[in-house]
Amino acid sequence: MSSAVIRTTPLHRLSPLCAAMLLFTAAPFAGAQAQPQAQGAAAACYAAPAASAEPGADSRNLCLRDIVDGHAAVRLPAADIPIDDAARMAKGERWGFLDAQGGLAIAPQFLAVDDFRHGLAAVRTEQGWGYVDAQGDWAIGPSYAYAGPFAESGLALVRTPEGWQVIDRQGAVVLALDAGVAQATLEGAAPSRLALRYARRHLAPQGEEVAVPADVTLVEALGSEGLLVARRGDTWGLLDGSGQWRVEPRYAAIDPWRGPGMAGAATAREASGALRVLRANGEVSSEAYEQARPLAGRYVTLVAGDGATHLFRSSGEAVLSLAQAPGQSLREAGAFLFWQPADGQTLVLAPQATEPTALPRDQVVRSANGEVLLLAQGPDGPVRGLVLPSGRRIETGDALASVARVERQGERIWLADAQGRWLDILDADGRSLLAASARQALREGSWQRLDGDAAGMPLALARTHCGCAAGGAGLIDADGRLVADAAWNGLLPDDPARRDGAPRFRVTTAQGMGVLDERGGVVLAPRLGHIGAFRGDYAVAYADGAMFAVDRQGARHALPDVFVAEPIGGTWFRFLDSALADANWGIYDVASESIVQTPPLAAIGERQGEYTQAAVRTDGGLRWGVLGPDGQWRLQPEFAEFERLASGDWKAVAPAAQGRARIGIVAPDGRWLVEPVEGLEIVADATGSWAAAAGSRSWMRRPDGDVLASAPGERYVRQDRWIVVERAPQVGYLEPDGAWALAPFDADGASAFTPQRRTALVWRGERAWLVDEAGKEIARLPDGPGWRWPAQAEGPYRVRRGEDGKRSTQYADANGKITHTLDGVGGPRINGMIVLSPAQGRVTRLDVNAKESVNWFLDSLRPGAGGPAAAGVRGRYGYVDAQGRYVLAPVYAAAQAFVGERAVVSTHDQSLLIDAAGRPLARVERQCGIHVLYGADATRVWPEQMPVRCPPA
């Protein structure tokens with residue numbers, strides 16, 4: 001190999017003055033972990049690492065990486081590209097390797113490389129990833145989509161189109177991993193630690209599993225056509241129900257519009273900042289906008305470049321466009337929008353209207369109340385009108401000038417004054433629902449609004465005083481008519497939650513109690529001594545010393561001669577035949593006029609459908625079960641409590657003996673949907689769906705009744721109508737032949753075994769523990785995150801932050817016993833030594849065994865093996881001896897801890913491989929648009945020739 005000889009002054013021969021000039025002229029460098037700041041062409045070796053899951057694809061130092069296993073990866077002009085072409089090409093450089101003497105051991109020929117590990121390095125060519133030995137020969141040819149470093153055990157991870165595999169040093173597959181594995185790492189001596197993270201699975205609303213790419217995150221549904229807002233990295237798009245892109249991920253963000261119901265459109269923001277309307281069918285507007293603003297909970301305004309405001313409903317429907325000046329006057333009041341065009345007249349857009357309503361010029365918007373807009377005569381004047389959700393405007397006149405509050409009840413609009421007295425009830429079109437006498441009584445009496453939705457349900461009820469000429473209690477029926485009677489002393493309504501049939505009202509008179517229907521008609525004459533509340537179709541009544549049941553039609557039904565009876569739903573009554581404290585409850589069926597044969601019962605709940613909660617006495621207290629329609633146990637009484645879910649299923653809580661209570665979910669027919677388990681958490685909604693989770697297991701009931709149970713280690717997460725199946729990360733330990741020494745188990749992470757240490761640290765959530773090679777837990781560490789155990793450390797340690805914000809470092813020995821808690825941020829304990837940073841700008845090197853410490857005014861200290869320790873101060877790095885004296889001045893922007901008396905250091909102009917005395921063995925710097933390698937004697941080693949355009953030295 002011939003080359004021109006270019007000599008430069010080695011760095012270690014610089015005078016102190018030159019070194020000082022280098023120190024103060026180099027660009028600032030932030031952080032004790034040596035992440036240089038790129039600055040101009042001279043800083044071409046430095047860049048933040050790319051977001052890549054493949055080691056070797058990038059590095060902080062883009063031209064000379066740390067020395068590992070006797071080799072340092074170096075980036076230089078490609079060996080197979082003419083030097084003048086390489087200098088002009090954006091990708092004209094390749095990776096090779098230096099040896100420990102600084103020689104170019106392997107010419108630059110690879111697209112990407114990982115470091116050498118145990119004699120082999122993973123490298124990538126156009127054909128894929130493979131492995132080379134120290135001579136640069138192929139040990140395993142390039143055929144993989146990814147190749148990881150070899151572990152000490154002789155195993156490595158590779159990825160093929162079929163999935164992840166574990167291979168040996170000959171390339172033979174010793175283990176194929178589960179197809180669901182998304183990421184995996186392997187390290188350590190036998191048995192090697194294998195950490196697994198699984199891809200999420202997605203179940204579409206119809207229940208089928210959809211293949212969503214592993215690098216895609218579902219965000220939320222858009223519209224009713226099954227499209228989903230999804231994110232891939234930093235870009236956003238729309239996926240359809242089959243997992244295919246309906247809108248490619250090309251937007252910087254997608255923001256669905258919020259409003260009543262599901263979002264029907266979204267704002268898609270381009271990288272330039274321009275906004276477009278994205279509809280639920282995947283259509284993208286051709287118009288671009290500059291600003292977006294939600295209004296009134298159901299609209300979105302988009303401002304175009306000419307200043308015009310375009311108004312859309314949250315469904316994506318375009319409503320209207322306003323010129324710049326009116327658009328700037330757009331305001332919201334509740335669910336209404338209003339603005340003033342050029343003529344000064346106020347226009348109002350109601351939530352259900354398609355066209356705006358013009359207001360009289362003497363009326364202004366006062367406020368919105370209950371989805372009704374109040375209009376006043378001037379800012380402080382009385383109410384003169386209303387705008388309904390339909391957009392209809394109503395003139396209230398003097399009669400309703402005192403309106404101060406409006407409440408919406410379905411299609412009814414209730415008007416009240418400032419004192420809360422009702423004034424009128426309007427329909428959706430603003431017409432009064434009340435006859436004149438009813439309206440007058442409503443204003444003068446004490447009336448209760450009835451919110452029931454049964455057909456013919458009265459509008460209002462006066463329990464004791466109707467405020468009308470007739471006097472007494474009364475009601476206003478569904479037709480707005482007043483029904484009152486001076487003889488009615490009081491009216492009691494049904495409980496809507498306990499009603500199965502038509503509404504009924506218990507009436508009290510001087511002669512007794514009776515029952516009225518929803519029109520005020522007499523169902524049961526008021527001559528009874530007492531009538532209890534209806535439960536379902538029945539109530540308990542008393543007259544002439546006898547107890548009996550009455551139904552909603554006023555018919556009487558016999559009850560047994562007992563102490564007390566209560567309706568519990570359907571045709572069943574629970575009863576006690578004695579006043580004794582330990583008397584048992586029984587069940588009577590009024591339909592068959594017979595006692596239902598049941599076990600002795602200490603308590604009976606309400607009947608729901610065909611099933612009834614009931615309890616028996618035990619030494620541990622009441623135990624609840626479920627009775628079937630025959631009165632026999634459908635679910636044995638073994639539970640501390642029951643709760644009925646909206647789905648009709650039962651939440652069953654078993655007695656807590658030790659630890660947390662065991663909770664399960666049982667179907668109405670007694671089938672276990674979720675077997676009782678400790679710590680089960682249930683979230684139910686009104687649609688009949690519920691989700692339950694305990695530990696790493698989860699269950700989900702769809703609205704259609706299907707119950708899904710996750711596999712062990714999996715859990716379900718609802719995402720709108722989709723279900724995301726997440727699997728807990730796992731860790732296992734492999735023998736060199738691919739057999740499991742410890743089969744995979746759920747864990748967030750674990751340390752590797754080493755030849756000197758046959759104990760490993762495992763952590764999951766807040767819990768951390770030590771295991772032996774059989775997987776047996778041998779010690780539990782204090783709860784809390786952050787426990788780690790590097791291979792060279794003598795025991796686990798963690799940095800934690802106290803309630804006062806101060807940090808401390810906790811150390812344990814190999815048996816899990818806490819040995820030290822030190823103030824400040826510490827590193828691992830190695831050979832009895834700890835490097836601790838108790839305060840900014842100070843480092844303590846602590847000898848734990850000798851209980852001696854040395855304080856240095858440094859920002860960081862990183863001991864190595866076979867050389868002085870790397871030390872940082874004010875963003876510069878050098879090396880110190882055991883007494884803290886600098887043996888290599890802090891003039892570097894980055895410095896590797898010594899490994900085998902070798903280290904890689906960098907300034908902002910060059911990177912060097914040095915020995916323990918600081919002598920350069922190799923140097924890489926950028927010249928003429930390429931990286932150039934120089935040897936220990938400052939002779940250019942690579943490239944053999946410089947580009948033609950490069951001026952001679």
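What counts, and where the lines are drawn
Residues numbered from 1 in each chain as written. Predicted model: local features only at pLDDT ≥ 70, side-chain atom pairs only at ≥ 80, totals over all residues. Heavy atoms only, no water. Helix = DSSP H or I, 4+ residues; strand = E, 2+ residues; numbered from the N terminus. Rg over C-alpha atoms; globule rule 2.2 N^0.38 Å. Buried < 20%, exposed > 50% of the residue type's maximum accessible area, 1.4 Å probe, protein only. Contact = heavy atoms within 4.5 Å. Pairing = 2+ DSSP bridges. Phe/Tyr/Trp six-rings, centres within 6.5 Å; stacked < 30°, edge-to-face > 60°. Lys NZ or Arg CZ within 6 Å of the ring centre and 35° of its normal. Axes fitted to C-alpha atoms, helices over the stretch in contact; angles between N-to-C directions. Domains from an automatic or database assignment. Disulfide = S-S within 2.5 Å.

J.: So what about the overall build of the protein? Which residues, and what values?
T.: Counting its secondary structure elements, the protein contains four helices and 91 strands. The C-alpha radius of gyration computed for the protein amounts to 40 Å, which surpasses the reference 30 Å derived for 953 residues by more than 25%, pointing to a less compact arrangement than a globule. Taken over the C-alpha atoms alone, the protein extends approximately 120 × 85 × 55 Å along its principal axes. When each of the 953 residues of the protein is scored for burial, the buried share is 51%. Summarising the internal contacts of the protein: among those between residues at least 6 apart in sequence, 34% fall at separations of at least 24.

J.: Break down the pairing of strand β57 (residues 621–627) for me, with residues and values.
T.: Counting buried residues in β57 gives five out of seven residues, a clear majority hidden from the surface. Relative to β57, strand β56 (residues 611–618) runs antiparallel, the two being bridged by seven bridges. Note on β57: the bridge partner recorded for Arg-617 is Leu-622. In the sheet, β57 pairs with strand β58 (residues 633–639) via three bridges, with the strands oriented antiparallel. Bridge pairing in β58 places Leu-627 opposite Trp-633.

J.: Give me the lowdown on the packing of aromatic side chains, citing residues and values where you can.
T.: Under the defined criterion, the tally for this structure stands at 15 aromatic pairs. Aromatic side chains Trp-414 and Trp-422 sit 4.9 Å apart centroid to centroid with 65° between the ring planes, which places their arrangement in the edge-to-face category. An identical accessibility class is assigned to Trp-414 and Trp-422; each is buried. Taking the centre distance of 5.8 Å and the plane angle of 85° together, the rings of Phe-642 and Trp-650 count as edge-to-face. A relative accessible area of 0% means that Trp-650 is categorised as buried. Here the guanidinium or amino end of Arg-449 rests over the ring plane of Trp-414, the centre of that ring lying 5.8 Å away.

J.: An account of the sheet that holds strand β20 (residues 245–251) is requested, with residue identities and associated values reported.
T.: Either a parallel or an antiparallel arrangement is found when strands of a sheet pair, and the pairing is made through backbone hydrogen bonds. Taken in spatial order, the four strands make up an open sheet running β17-β18-β19-β20, and their pairing is antiparallel. Edge positions in the open sheet fall to β17 (216–222) and β20, since each of these has one partner strand only. Ignoring which end each strand starts from, the neighbouring axes of this sheet average 20° apart. Relative to strand β18 (residues 227–232), β17 runs antiparallel, the two sharing six bridges. When the bridges of β18 are listed, Ala-221 appears paired with Leu-228.

J.: Describe the domain arrangement of the protein, naming the residues involved and giving the relevant values.
T.: With domains assigned, the protein is organised as domain 1 (55–152 + 893–901 + 911–945), domain 2 (205–324), domain 3 (458–552), domain 4 (559–639), domain 5 (643–720) and domain 6 (755–790 + 793–862). If you average the C-alpha positions of domain 2 and of domain 6, the two centres end up 49 Å apart.

J.: A description of the state of the cysteines should follow, citing residues and the corresponding values.
T.: Summed over all chains, the structure comprises two disulfides. The disulfide bridge from Cys-466 ends at Cys-468, spanning 2.0 Å between sulfur atoms. Since a negative S-S torsion denotes a left-handed disulfide, the Cys-466-Cys-468 link at about -85° is left-handed. Classification of Cys-466 by relative accessible area gives buried; the value is 0%. Linked covalently through their sulfurs, Cys-928 and Cys-950 form a disulfide whose S-S length is 2.0 Å. A torsion of 60° about the S-S bond marks the disulfide between Cys-928 and Cys-950 as right-handed. Here the residue Cys-928 occupies a position in the loop between β89 (920–927) and β90 (930–935), and Cys-950 occupies one in the segment after β91 (940–942), the gap between them amounting to 22 residues.

J.: Go over the environment of Met-513, please, and point to the residues and values.
T.: Here Met-513 is to be found in strand β45 (residues 512–516). Met-513 has contacts with Arg-506, Val-507, Thr-508, Ala-525, Pro-526, Arg-527, Leu-528, Gly-529, His-530 and Ile-531, leaving out every residue within four places of it along the chain.

J.: Quick rundown of unusual backbone geometry? Include the residues and the values.
T.: Here the bond from Ala-190 into Pro-191 is cis, since omega is -5°, no more than 30 degrees from zero. Position of Pro-191 relative to the elements: it lies in the loop between β13 (181–187) and β14 (192–198). The phi angle at Asn-831 is positive, at roughly 55°, despite the residue not being glycine. Among the structural elements, Asn-831 can be located in the loop between β78 (825–826) and β79 (833–839). Judged by its relative accessible area of 65%, Asn-831 is exposed.

J.: An account of the environment of Thr-357 is needed here, citing residue identities and associated values.
T.: Residue position: Thr-357 is located in strand β31 (residues 357–358). Here the alpha-carbon distance between Thr-357 and Val-174, two residues 183 residues apart in the chain, equals 76 Å. Each residue touching Thr-357, except ones within four places of it in the same chain, is listed here: Thr-346, Leu-347, Val-348, Gly-391 and Arg-393.

J.: Now, about the side chain of Asp-115: what can you tell me, with residues and values included?
T.: Mapped onto the elements, Asp-115 comes out in strand β5 (residues 112–117). Given a relative accessible area of 14%, Asp-115 falls into the buried group. Setting aside chain neighbours within four positions, we find Asp-115 in contact with Arg-65, Asp-66, Val-68, Leu-120 and Ala-121.

J.: Quick one: what's the story with the environment of Gly-474, residue by residue and with numbers?
T.: Within the fold, Gly-474 resides in strand β41 (residues 474–476). We classify Gly-474 as buried; its relative accessible area is 0%. Taking the C-alpha atoms as reference points, Gly-474 and Ala-441, 33 residues apart in sequence, are found 9.7 Å from one another. Discounting chain neighbours no more than four positions away, the residues touching Gly-474 are Trp-447, Leu-461, Ala-462, Cys-466, Val-483, Ala-484, Trp-488 and Leu-491.

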